[in-house]
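Residue-level structure breakdown
Each chain, letter by letter, is given below.
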Amino acid sequence: MEKFDKTFPSKSFSWPPDKEWAIAGVVGSGNLEVLFERNTESPNTMECHVESSIPGYEDSWLAALEDFAANYPAGGTKVTIHDQGAAPIVVTFRLRQAYDHLLQKIS
Amino acid sequence: MNTSNPNDLLARFFGESGKTLLVKDSLITGYAQVLTQNVAVIGTCDGTYIDNAAALRLASLVIDCIENHPQMPIVMLVDSAGQEPSRTCEMLGLASFFGHLLSCLQLARQNGHKLITIATGKAIGGAFICYGMFGDRIEALDSASVGLMPIEAMSAVTKIPAATLTALSKTMPALEFGAEPFALLGGVDEVWSADVNVPEKLAAVISSSTQEDHRAELGKKRGGRKWAFDVQNRVLAESAK
Amino acid sequence: MKRASLYHEQTARKRIASLVDPGSFTELLPPPERVVSPYLPLLDIPVSFDDGLVIGRATLGGKPVYLAAQVGQFVGGSVGEVHSAKLTGILKAAARDAIPCLLLVESGGVRLHEGSSGEIGISEAMRAVFECRAKGVPTIAVIGADIGAYGGMGILVTCCDFRIMTEHGRLGISGPIVIEKWMGKQAYDSSNRALVWKTSGGKTKYLLNDADVLTHDDSASVGAAIGELLSKSQPITLGGLKTRQQELEKRLGDFGKTSDPEEIWKAFGIADIGEASLASGPEFVALAKRKTP
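Overview of the structure. Only a predicted model underlies this, so the values are computations on that prediction, with no experimental measurement involved.

Below, the discussion takes up the sheet that holds strand β7 (residues 213-215) of chain C. Residue and element names in this part refer to chain C. Spatially, the 7 strands line up as an open sheet ordered β1-β2-β3-β4-β5-β6-β7, and their pairing is mixed. Either end of the sheet is taken by a strand with one partner, and the two such strands are β1 (26-28) and β7. Across this sheet, the average inter-strand angle for adjacent strands is 25°, counted without regard to direction. Of the pairings in the sheet, the one linking strand β4 (residues 101-105) to strand β5 (residues 139-143) comprises 5 bridges and is parallel in character. If you follow V105 over to β5, its bridge partner there is I143.

Next comes the structure, spelled out in structure tokens:
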């Protein structure tokens, strides 16, 4: 297992009043789960914690997360990931899926 | 005394009254006495595999006991290697036969019959869960092989090296196979050593047993299953809000 | 136009969302509480925030329910210490509050990685199912995922008041690979999907009265079936047990000598095996003549 933390600057996310968290994905082969939680202490950063069963892809992870933080207002969130070998495209998809849950676009 | 011989085992538990029990196709059914108390007895021996017909025979005795012997304690002896893993057994719905046996034991419990289990030999997986683990109190002889499956089998299925599992089992009794580690997890109340006076022990358990399932609390107290009790209670607390 | 996803394709969370009244689901011990497996990290296996079981409370057609949905993709939906404790807890809550409990099952049984702790945990959950039954609180199991309900979970669902299956679901104890190992590939080929499903699938279980309902593989149908059963329960009575004993003895007598599920299908009035094999759940029900006692 590889674990790492990184915080990225990001435009402040406007948390819906009734949401404290959102989750997407499942921990299975080639998949991951992503949890977004409210972080009131730091409205301009996206704080990430990744645990992956496939070591050696830290650069790839950091690139995907940095990309997300740059493209979406995700400041004031804490992102925790449990990964079991998802490809980068799946990582990005799950981040967006969890984010859409936050925005209550999908139930 | 050789407790792997069913007749010796029954003599050890029930004295002369053990002779009235029917031992057929590695199943034990009938009525006997523990000291002076009348009990119903269902069980397995010879490390047999339990199939559909066996489940029905055990269920039949439980139904008879409910119908004809109100509140008589039911003693469950376990020496079975598992459920019969054959195609016909599965097709015919072995899971449902086990559910039926468990439902019979549940009605017995609801009607005030005490359910007392003693693992005497093998007490493994589905064979244990379909009746023995349903007891109000679950005891085991120290010679009993109690557990889910040996590490070699776990390793074959999970593809985790046996050496890894064995090393981990030193600090994780859930992986260890045997009556003692199972007791640490709360799955067995007490392990009885070879010199124990079985009828006296059994009579005491029958007398003192209660119906609530205290295995999670026991597992926490003994340290073998540290989280189950707290998580159950947390669910109960959060759902009460 | 996007096709609505089938029940067997949905994730546990999607199944819940599709079944309950919109916005009515409150998750208990939700992901932020991080009630995860203490054992999997020791084996270098990633944990899941819900340990493969999503539990909570919701309403279905306005009626309150407790629910537990298993996540089949997480270690095969298998049951470890935390997972089983969540399951036992929600069943005990159902018994306490006299609120029906719905189990969306997708599990191979005990999580081997956690050894006996999952085994004892499933036994505790069984006791909790019966706690509900003793109080007349309905327990309903839905078995509609490809993984099915096997091992200890297979036995547990047979303890519930009702079982709803789809043609995708399977119900058993020993899985196909175990049977093949035991009997040899000649006697049972675990890669033969048609055989596996005819042996343990919803259609055969429905004929044998081990499944109470056989529905379409979609949430609307599953939800409708649940709705019908929410106000019912099956108290355990001596008469009921004797009837079931006779039914099971007759089943053994009628089919105990065969290992061919098609014999069962024919005995229940299925004339065209091919047609019945391709039929959906409700189509199969219409083709068969099942007699319930």
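More follows now that the structure is in view.
It is worth spelling out the nonpolar core at this point. Residue and element names in this part refer to chain B. Counting 194 residues, the largest nonpolar core has V62, L101 and A140 as the members making the most contacts within it. If one sorts the elements of this core by residue count, helix α4 (residues 94-110) sits on top with 10 residues. For A140, the residues in contact, after removing those within four places along its chain, are I118, A119, A123, V146, A179, F182, V188, V191 and W192.

Moving on, we get to the interface of chain C and chain B. Every contact between the two is made by 70 residues of chain C and, on the other side, 61 residues of chain B. Considering every element that reaches the side of chain C that touches chain B, the biggest residue donor is helix α3 (residues 116-134) of chain C, with 12 residues. In the side of chain C that touches chain B, the residues fall into 37 nonpolar, 19 polar and 14 charged.

What follows is about the packing of helix α1 (residues 12-19) of chain C against helix α8 (residues 219-229) of chain C. Residues and elements named next belong to chain C. Relative to each other, α1 and α8 sit at 65°, their axes nearing to 9 Å. Between α1 and α8 lies a crossing whose hand is right-handed. Counted together, R15, S18 and L19 of α1 and S219, V222, G223 and I226 of α8 form the full contact between these two elements. A breakdown of the residues in the contact of α1 with α8 according to their chemical character gives 3 nonpolar, 3 polar and 1 charged.

All names here are of chain A. Strands sit in the order β1-β4-β5-β3-β2 across an open sheet of 5 strands; the sheet is mixed. A strand with exactly one partner marks an edge of an open sheet, and here the two such strands are β1 (2-9) and β2 (21-25). Taken pair by pair, the neighbouring strands of this sheet meet at an average axis angle of 15°, ignoring direction. In this structure, strand β4 (residues 45-52) lies alongside strand β5 (residues 77-83), joined through 7 bridges in parallel fashion. Its bridge partner lying in β5, H49 is registered against T80. Against the sheet, helix α1 (residues 58-71) engages β1 and β4, with an angle of about 30° to β1. Against the sheet, helix α2 (residues 88-102) contacts β2 and β3 (32-38), and its axis sits at roughly 145° relative to β2.

Rules of the game
Residues numbered from 1 in each chain as written. Chains lettered and ligands numbered in written order. Predicted model: local features only at pLDDT ≥ 70, side-chain atom pairs only at ≥ 80, totals over all residues. Pairing = 2+ DSSP bridges. Helix = DSSP H or I, 4+ residues; strand = E, 2+ residues; numbered from the N terminus. Axes fitted to C-alpha atoms, helices over the stretch in contact; angles between N-to-C directions. Core = buried A, V, L, I, M, F, W, Y, C linked by C-beta atoms within 7 Å. Buried ≥ 20, exposed ≤ 12 C-beta atoms within 10 Å, placed from the backbone. Contact = placed C-beta atoms within 7 Å. Nonpolar A, V, L, I, M, F, W, Y, C, P; charged D, E, K, R; others polar. Left-handed = near helix turned anticlockwise from the far one by under 90°.

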